[in-house]
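# Coordinate analysis (summary)
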Amino acid sequence: MSTPTRRLTVAQALVQFLSAQYTERDGVRHRLIAGTWGIFGHGNVAGLGQALLEAGEDTMPFHQGRNEQAMVHAAVGYARQLDRLSAQAVTTSIGPGATNLVTGAALATINRLPVLLLPGDYFATRAADPLLQQLEHPVEADLSVNDTLRPVSRYFDRISRPEALIPAALNAMRVLADPVETGAVTLALPQDVQAEAYDWPEEFFADRVWHVRRPAPDLAELAKAVEAIRSAERPLIVAGGGIHHSRAEEALKALVDATGIPVASTQAGKGSLRHDHPADLGGIGHTGTAVSDDIARAADLIIGVGTRYTDFTTASHTLFQNPAVRFVNLNIAAFDAHKLAARTLVADAKSGLEALASGLEGHRVTPAYEAEYRAGKESWERVVDTAFTAPDENAVPTQTQLLGALDSVVGDDDVVINAAGSLPGDLHKLWRARSPRQYHLEYGYSCMGYEIPAGIGVQQAAPGTPVWSLVGDGTYLMMPTEIVTAVQEGLPVNLVLIQNHGYASIGGLSESVGGERFGTAYRYRAADGTFSGAPLPVDLAANAASLGMDVLRPKTVRELREALATARASDRPTCVYVETDIATPTAPPAEAWWDVPVAETASRQSAVQAREEYDRQVVDRRRHL
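A few points on the structure.

Here we take up the overall build of the protein chain. Scanning the protein chain from N- to C-terminus turns up 24 helices and 23 strands. A globule of 625 residues ought to have a C-alpha radius of gyration of about 25 Å, and the protein chain, at 25 Å, matches this closely. Overall, the protein chain is about 75 × 70 × 55 Å in size when its C-alpha atoms are taken along their principal axes. Counting only residues that meet the buried cut, the protein chain has 58% of its 625 residues in that class. Sequence separation of at least 24 residues holds for 76% of the intrachain contacts in the protein chain that already meet a minimum separation of 6. Summing over all exposed atoms, the protein chain offers an accessible surface of approximately 24,700 Å²; the carbon and sulfur share of this is 53%.

In structure tokens, the structure reads:
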């Protein structure tokens, strides 16, 4: 008996295959590849371009992008909003279109967020060689620029023959749906192979469901973790992004309500508890709150849940100072669970937290410990109030007062997006997250240019949700292109554009490490050759308007609050352009160190002094063994 087949090109077969892939978790099914972003060139227009046209929007929705990197950012924002259960694909031509994917792919993989990359590639047959935009390597003739995607992809394959698509496509879906392995997945598609026909088995196009597992903890590991927590006097939970990916927020709350163990959050984990929960201490680490970092310094047990322990979280390994401190790490990835010589609990965050709650039944921290961290939380809330409140409503707002104005306007379900600059620090310290998805910070790669396309992805994933993309002028100038996409698609992304005439965050860091803010200001050259003249006469608000946004230009705190409310009520993409007061410091200082090495020898006094301070701080660094 012959196997039924269907004759399609490789590109047509791939689109049909992708349209039939699903994830399932907790009995709920999601489409795995919900749409495809694309910019077409000679490397994909006659292959995937033709296949998407032929398939139609019902089979595979198509989204037109303006920059390949930005398309990946949009897909990542989409996947994060949907807890990695649904993703998008991105197709590009060969050459620069393909290499533009690399930054976005690195961001996706570092943040463990799924995206499928489908770059065109050179002729597999070498019938035309060299091609337009081909990199010719003198030793490795089979190498192409797409190989730059190998180190930033969790799975990579080049489809050099039609039949090779079958195992490659299945492996790609396996990795995208895997809660441990997920990240960027690349299928490089030679342009001649894309257009080549093949008789595909019909079974290849059948609906396929990829179960997203929730592994329970090993009973021996669980018993040791419970014992460690019960014996601790000052335990602290560090909540990471894995809590959100697992939708484990309610399980965390139940454990905390029962035990009284306080929670401090990484950038990715913020919002795991509502800001007004008495055990929520806010951000931790270099950009953390005073109460979180004080509790962390004295903690004798750190319970990491779904965190990678980056240097911002650990304050470059200077934060956890109790000589007796030990770690219990609950993580679905064994690679992360073993960090800091921890007792491991390799499991899904939700399953693991529920198991811990059961094992800790009847256990609670001491009333004195609860009273201590609650008092610290109340003290920090007064710091937030001061930073958010403007003494003069008719004054130019500071950056933290801008966040206070936004805080007064947003609802519980609004999503606030940011990735780079000085805003991540202010947000981590001060923002009052009201729901699990509200705080959307990309701080694994901290990629300038992420915010606007990510806002589009979030809007696609959650239609009707107010979305705020917060950017400074430096970030805006990196990648404003997808404003055009938001306008084209009628997605009412709200852009808060802060003008401070340069790289404010790195300027401050430069000053602290003896760099004297060199090369960080957007100003004319002065007579001495430095960029210290008058501010450049750029009008970023006019630029946003030229790309199709409605633009509001508030001058005062009062006008700012009104403009934000107007933007939130609008059904069009709206930019709120603000020139902030950078002369009046209102942000709380860092509560913990961050290791940025300083020149060991220098002739300028600023660097000499910075090195002296560095040497004082670095002695607190320790290895947890």
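Next comes the rest of the account.
What follows deals with the sheet that holds strand S11 (residues 208-211). Pairing in this open sheet of 3 strands is mixed, and the strands run S3-S2-S11 from one edge to the other. Only two strands of the sheet have a single partner each, and these edge strands are strand S3 (28-31) and S11. Neighbour-to-neighbour, the strand axes of this sheet turn through a mean angle of 35°, independent of strand direction. The strands that helix H6 (residues 165-177) touches are strand S2 (21-25) and S11; relative to S11, the one it contacts most, it runs at about 35°.

Let us now look at the pairing of strand S4 (residues 33-38). Summarising burial for S4: 6 of the 6 residues are buried, a large majority. As paired elements, S4 and strand S6 (residues 87-92) share 4 bridges and run parallel to each other. Bridge pairing in S6 links Thr36 to Ala89. Sheet topology places S4 next to strand S5 (residues 62-64); 3 bridges connect them, and they run parallel. Across the sheet, the residue bridging to Thr36 is Phe62, located in S5. Handedness of the β-α-β unit built from S4, helix H2 (residues 45-55) and S5 comes out right-handed.

We now examine the packing of helix H3 (residues 68-81) against helix H18 (residues 451-461). Between two packed helices, what matters for the description is the angle formed by their axes and the separation of those axes. Relative orientation of the contacting elements H3 and H18 amounts to 40°, with a least axis distance of 7 Å. By the angle between their axes, H3 is oblique relative to H18. Once H3 is placed against H18, the crossing between them reads as right-handed. In this structure, H3 contributes Ala70, His73, Ala74, Gly77, Tyr78 and Gln81 to the contact, and H18 contributes Pro453, Ala454, Gly457, Val458, Gln460 and Ala461.

A negative phi angle is the norm for most residues apart from glycine, just as the trans form is the norm for most peptide bonds. At the junction of Asp129 and Pro130, the peptide bond is cis and its omega measures out at 0° in the coordinates. You can see Pro130 is positioned in the loop between strand S7 (115-121) and strand S8 (155-158). The backbone phi angle of Ala315 is positive, close to 50°, even though this residue is not glycine. With respect to the helices and strands, the residue Ala315 is situated in the loop between helix H12 (311-314) and strand S16 (326-331). Judged by its relative accessible area of 0%, Ala315 falls in the buried class.

Quick look at the packing of aromatic side chains now. Within a pair of aromatic rings, the relevant descriptors are the distance that separates the centres and the angle that separates the planes. Following the criterion strictly, the structure yields 12 aromatic pairs and no others. With a centroid separation of 4.8 Å and 70° between ring planes, the pair formed by Tyr198 and Trp200 is classed as edge-to-face. Overall, the relative accessible area of 0% leaves Trp200 in the buried class. Ring geometry for Tyr369 against Tyr373: centres 5.6 Å apart, planes inclined by 85°, an arrangement best described as edge-to-face. Residue Tyr369 and its partner Tyr373 are both found in helix H15 (residues 367-388); the two are separated by 4 residues, about one turn of the helix. The class of Tyr373 is buried, set by a relative accessible area of 0%. One aromatic cluster is present, built from ring pairs that chain together Phe17, Tyr198, Trp200, Phe204 and Phe205. In this arrangement the basic side chain of Lys270 is found over the ring face of Tyr439, its NZ or CZ atom lying 5.5 Å from the centre. Directly above the aromatic system of Tyr577 lies the positively charged group of Arg553, at a separation of 5.6 Å from the ring centroid.

Another point: the nonpolar core. The biggest cluster of nonpolar side chains holds 81 residues, and the ones touching the most others in it are Leu236, Ile237, Ile302, Leu356, Trp468, Leu470 and Leu564. In terms of residues, this core owes the most to one element, H15, which gives 6 residues. Residue contacts for Leu564: discarding those within four places in its chain leaves Ala405, Leu406, Val409, Trp468, Val496 and Val576. Among the nonpolar cores identified, the runner-up in size contains 37 residues, and Ala11, Leu14, Leu176 and Leu189 belong to it.

On the secondary structure map, Ala20 appears in the loop between helix H1 (10-18) and S2. Its relative accessible area of 4% is what places Ala20 among the buried residues. Sequence separation between Ala20 and Asp207 is 187 residues, and the spatial gap between their C-alpha atoms is 4.6 Å. In this structure, Ala20 is in contact with Phe205, Ala206, Asp207 and Arg208, ignoring residues within four places of it in sequence.

Let us look at the packing of helix H8 (residues 219-231) against helix H14 (residues 349-359). Relative to each other, H8 and H14 sit at 60°, their axes nearing to 10 Å. Judged on the interaxial angle alone, H14 and H8 are oblique. Read as a crossing pair, H8 and H14 show a hand that is right-handed. Contacts between H8 and H14 pair Leu222, Ala225, Val226, Ile229 and Arg230 from the former with Ala355, Leu356 and Gly359 from the latter. Looking at side-chain class alone, the contact of H8 with H14 contains 6 nonpolar, 1 polar and 1 charged residues.

Rules and cut-offs
- Residues numbered from 1 in each chain as written.
- Predicted model: local features only at pLDDT ≥ 70, side-chain atom pairs only at ≥ 80, totals over all residues.
- Heavy atoms only, no water.
- Helix = DSSP H or I, 4+ residues; strand = E, 2+ residues; numbered from the N terminus.
- Rg over C-alpha atoms; globule rule 2.2 N^0.38 Å.
- Buried < 20%, exposed > 50% of the residue type's maximum accessible area, 1.4 Å probe, protein only.
- Contact = heavy atoms within 4.5 Å.
- Areas by Shrake-Rupley, 256 points an atom, 1.4 Å probe, with all protein chains shown as cover.
- Pairing = 2+ DSSP bridges.
- Axes fitted to C-alpha atoms, helices over the stretch in contact; angles between N-to-C directions.
- Right-handed = clockwise from strand over helix to strand, strands pointing away.
- Parallel < 35°, antiparallel > 145°, perpendicular 65-115°, else oblique.
- Left-handed = near helix turned anticlockwise from the far one by under 90°.
- Phe/Tyr/Trp six-rings, centres within 6.5 Å; stacked < 30°, edge-to-face > 60°.
- Lys NZ or Arg CZ within 6 Å of the ring centre and 35° of its normal.
- Core = buried A, V, L, I, M, F, W, Y, C linked by side-chain atoms within 4.5 Å.
- Nonpolar A, V, L, I, M, F, W, Y, C, P; charged D, E, K, R; others polar.

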